[in-house]
Amino acid sequence: SGGESGGDVTTITPGTAPGFPPFEMKESGELVGFDIDLLAAVVAEADGYELGSWQEYSFDSLIPALTSDKIDVVAAGMSINDDRDETIDFTDPYYNADQAILVRESGDFSPAELADLSGHKVGSQSGTTGETVSKNLVEEGTLKESSYNSYDSYVFAVQDLENGNIDAIILDLPVAQTFADQRPVSIAFTYETGERYGFGVREGDDDLQSALNEGLAAVRDSGQYEELRNEWFGG
Ligand code: GLN
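Starting afresh in each chain, residues are numbered from 1 along the sequence in its written order. Where local features are concerned, this predicted model is filtered to residues with pLDDT of at least 70; where side-chain atom pairs are given and counted, the filter is 80 or more; whole-chain, interface and lining totals use all residues. Remark: hydrogens and water are excluded; side-chain values derive from all non-hydrogen atoms of the structure.

Engineer: Describe in detail the overall build of the chain, supporting the description with residues and values.
Structural biologist: Looking only at helices and strands, the chain has eight helices and 14 strands in total. The principal-axis extents of the C-alpha atoms in the chain amount to approximately 65 × 35 × 30 Å. Buried, partly exposed and exposed residues are distinguished by accessible area as a fraction of the type maximum, computed with a 1.4 Å probe on protein chains only: under 20%, between the cut-offs, and over 50%, respectively. Sorting the 235 residues of the chain into buried and exposed places 49% on the buried side. Contacts in the chain between residues at least 24 apart in sequence constitute 73% of all its contacts with a sequence separation of at least 6. Each accessible area is a Shrake-Rupley result for a 1.4 Å probe, and residues are judged covered by the shown protein chains and nothing else. Total accessible area on the chain stands at roughly 10700 Å², and carbon and sulfur atoms take up 39% of it. Helix numbering and strand numbering both begin at the N terminus, where a helix is a DSSP run of H or I of at least 4 residues and a strand a DSSP run of E of at least 2. A contact between two residues is defined here by any heavy atoms of the two lying within 4.5 Å.

So this is what it looks like as structure tokens:
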């Protein structure tokens, strides 16, 4: 790589997990979303790097793909947390999210707090912070282990919610809002976790981490960040 216009340019391969609208999803076979556009804008501002072609994984395979060098950066609405920080590094945060509890729009089940999920079937996407909330409910005895369903994609969880196989989904609030706009589901209540999304890089990939942080700052300063937010979240 590199050398075309003077400086050395390193191509980095991005990885994501579609099915997490509006951050990343497939539309007419094409990968689109806020994360896709934001990372492209950030890398365009990051000195010495250019973006290679997107690789798609299930969410729980992204960190293994990163640590085994199949991809160089994760852009997947991934929350920065201590567990993950032991294995990978994160850029500065670029989006805030809490968790939400999604139910059928029909209103046949309207929980008001996590304790109300007791006796019901709950789903989350494998490897997510929503799954951590669900597993904590199992551990504390609120949910039976057999009442918790783990999905490869939140898209399948929403299908199971609609057809009555489960009664609630625990997932990130902005994504819950998007599903609620598009499908016969609605948010029963939110559960504050104060999560912040970052792009993930391999531990020790400090040059890339700094370049992405600089790119992120530039994209905020130029107003591009605000434009992309308006575009994908309707202002
Ligand atoms: N933000 C959540 C997490 O990091 C969910 C991300 C996702 O499902 N793409 O676990």
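On we go.
Engineer: Lay out the sheet that holds strand S14 (residues 200-202) in plain terms, naming residues and giving numbers.
Structural biologist: The strands that make up a sheet pair up through hydrogen bonds in the backbone, lying either parallel or antiparallel. Only strands joined by at least two bridges in the DSSP assignment are considered to pair. Strand order in the open sheet formed by five strands is S6-S2-S7-S14-S8, and the pairing between neighbours is mixed. Looking along the sheet, the strands with just one partner apiece sit at the ends: strand S6 (55-56) and strand S8 (88-90). In the sheet, strand S2 (residues 14-16) pairs with strand S7 (residues 73-74) via two bridges, with the strands oriented parallel. Bridge pairing in S7 links Pro14 to Val73.

Engineer: I'd like a description of the domain arrangement of the chain, backed by residues and values.
Structural biologist: Splitting the chain by domain gives domain 1 (10-94 + 198-233) and domain 2 (97-195). Counting residues at the interface gives 14 residues for domain 1 and 15 residues for domain 2. Among the residues domain 1 hides against domain 2, the three largest losses belong to Phe20, Pro21 and Phe59. Together they make up 42% of the total. Salt bridge criterion: a side-chain nitrogen from Lys or Arg within 4 Å of a carboxyl oxygen from Asp or Glu. On inspection of domain 1 and its partner domain 2, the count reaches zero salt bridges. We define a polar contact as two N or O atoms separated by no more than 3.5 Å, with the added condition that, inside protein, one atom must be a possible hydrogen donor and the other a possible acceptor, whereas residues neighbouring each other in sequence contribute only through side-chain atom pairs. Connecting domain 1 to domain 2 are four residue pairs in polar contact (both at pLDDT 80 or more). The source of the domain bounds is an automatic or database domain assignment. We define buried area as the total accessible area lost by two parts upon association, computed with a 1.4 Å probe and summed across both.

Engineer: Tell me about the packing of aromatic side chains, and name the residues and values.
Structural biologist: We describe a pair of aromatic rings using the distance from one ring centre to the other and the angle between the two ring planes. Pairing of aromatic rings covers Phe, Tyr and Trp, the last through its six-membered ring, and needs centres within 6.5 Å; plane angles under 30 degrees mean stacked, over 60 mean edge-to-face, and all others mean tilted. Scanning the entire structure with this criterion turns up 13 aromatic pairs. Their ring planes at 25° and their centres at 6.3 Å tell us that Phe20 and Tyr154 sit as a pair that is stacked. One end of the pair, Phe20, is in the loop between S2 and strand S3 (25-27); the other, Tyr154, is in helix H5 (residues 154-162), and 134 residues separate them in sequence. Comparing Phe20 with Tyr154, the two get one shared label, buried.

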